[in-house]
Amino acid sequence: MKIGPLPKDLDLRGLAARGVVIKGTASVHALPRLREAGIGLNGEAVAEFHFSRDEEARYILETCVEATLTMTCQRCLQEMDLPLMTGSRMACVWNDADAVALPGGLEPLLVGETADLNEIAEEEMLLAVPVSATHEEDCLTEQRLYPPASERAPEVAPEQGVKSPFAVLEKLRT
Ligand SMILES: [Zn+2]
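A short tour of the structure in this document, coming up. Source: prediction; values computed, not measured.

What counts, and at which threshold
Residues numbered from 1 in each chain as written. Predicted model: local features only at pLDDT ≥ 70, side-chain atom pairs only at ≥ 80, totals over all residues. Heavy atoms only, no water. Donors = N, O, S within 2.8 Å, 3.2 Å for Na, K, Ca; no water. Tetrahedral: all angles 85-135°; square planar, octahedral: opposite > 155°, others 65-115°. Buried < 20%, exposed > 50% of the residue type's maximum accessible area, 1.4 Å probe, protein only. Core = buried A, V, L, I, M, F, W, Y, C linked by side-chain atoms within 4.5 Å. Helix = DSSP H or I, 4+ residues; strand = E, 2+ residues; numbered from the N terminus. Contact = heavy atoms within 4.5 Å. Phe/Tyr/Trp six-rings, centres within 6.5 Å; stacked < 30°, edge-to-face > 60°. Lys NZ or Arg CZ within 6 Å of the ring centre and 35° of its normal. Expected span 1.5 Å × (residues − 1). Polar contact = N/O pair within 3.5 Å; in protein donor to acceptor, adjacent residues only side chain to side chain. Salt bridge = Lys/Arg side-chain N within 4 Å of Asp/Glu carboxyl O.

It is worth spelling out the coordination of the zinc ion at this point. Surrounding the zinc ion are the protein donor atoms Cys73 (SG), Cys76 (SG), His135 (ND1) and Cys139 (SG), which sit 1.9 to 2.4 Å from the metal. Classification of the site at the zinc ion rests on its 4 donor atoms, whose angles at the metal span 104 to 114°, yielding the label tetrahedral. For the zinc ion, the donor residues sit on a single chain with the sequence spacing C-x2-C-x58-H-x3-C. Like Cys76, Cys73 is buried.

See the structure below:
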């Protein structure tokens with residue numbers, strides 16, 4: 001099924017009253033806070049929103065967001081993909097007083113008459129991003145381009161010109 005971009009201007013409480021499900025995509029252009037955090041996207045984020053009302057007549061929003069983020073590995077400083085799947089169960093609230101009155105297991109979603117689903121999906125992703133992301137396994141780049149100092153080739157003589165790390169590797173092999 002082909003799905004379109006997430007709507008930007010929705011009456012969440014109206015959708016909850018009608019029990020609507022919305023699925024859509026967000027490109028990195030629609031996610032400015034993610035970009036500001038130095039995070040990119042590989043492809044698009046896909047988000048699903050289930051709207052409903054609970055037994056207390058609260059306006060409930062359940063989200064599931066799936067994306068492959070691109071971040072800087074904090075060990076080798078190369079770009080890496082970070083698959084992410086996150087979600088939560090939220091209740092629409094008008095103010096902080098309503099928020100603190102919510103029972104456990106329900107996150108407050110401070111929202112006025114309308115809301116942008118891109119912003120909600122973005123918030124979910126930002127909450128799920130690890131503080132310090134590193135490659136899950138060894139950083140290949142680290143091993144290949146930056147061997148321990150003891151194994152490093154001696155300084156390249158000036159007449160040989162500037163050597164790329166690959167050239168240094170070649171030197172190591174001979
Ligand atoms: Zn790494």
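To continue, consider the nonpolar core. If you look at the biggest cluster of nonpolar residues, it comprises 39 residues, and the most contacted ones within it are Leu12, Phe49, Phe51, Leu69, Leu117, Ile120 and Met125. When contributions to this core are tallied by element, the ones reaching two or more residues are helix H1 (12–18), strand S1 (21–26), strand S3 (45–53), strand S4 (59–72), strand S5 (79–93) and helix H4 (117–128). Filtering out sequence-adjacent residues up to four positions away, Phe49 remains in contact with Leu6, Val20, Val21, Ile22, Leu61, Glu62, Thr63, Leu117, Ile120 and Ala121. Grouped together as the second largest cluster of nonpolar side chains are 6 residues, Ile60, Val93, Ala99 and Leu106 included.

Evaluation of the coordinates by the stated rule reveals 1 aromatic pair. Each ring, one from Phe49 and one from Phe51, has its centre 6.5 Å from the other, and the planes form 20°; the classification is stacked. Residue placement shows Arg13 over the ring face of Trp94; its charged tip is 3.4 Å from the ring centre.

Spanning 12 residues, H4 covers 17 Å between terminal C-alpha atoms, matching the ideal 16 Å at 1.5 Å per step. Looking at where H4 begins, the residue whose side-chain oxygen comes 2.8 Å from the main-chain nitrogen of Asn118 is Asp116.

Moving on, we get to the side chain of Thr25. Relative to the elements of secondary structure, Thr25 occurs in strand S1. A residue is classified by how much of its surface remains accessible, and Thr25, at 9% relative accessible area, is buried. Apart from the residues lying within four places of it in its own chain, the contact partners of Thr25 are Ile3, Gly4, Pro5, Leu6, Glu44, Ala45, Val46 and Asn118.

Looking now at the pattern of salt bridges. Counting across every chain of the model gives 4 salt bridges. Of the charged contacts in the structure, one is a salt bridge between Arg33 and Glu123, with a shortest N-O distance of 2.7 Å. You can see Arg33 sitting in helix H2 (residues 32–36) and its partner Glu123 sitting in helix H4, a full 90 residues away along the chain. With a relative accessible area of 40%, Arg33 lands in the partly exposed category. Take Glu123: its relative accessible area is 32%, and that puts it in the partly exposed class. Across the pair Arg58 and Asp54 runs a salt bridge, and its minimum N-O distance is 2.9 Å.

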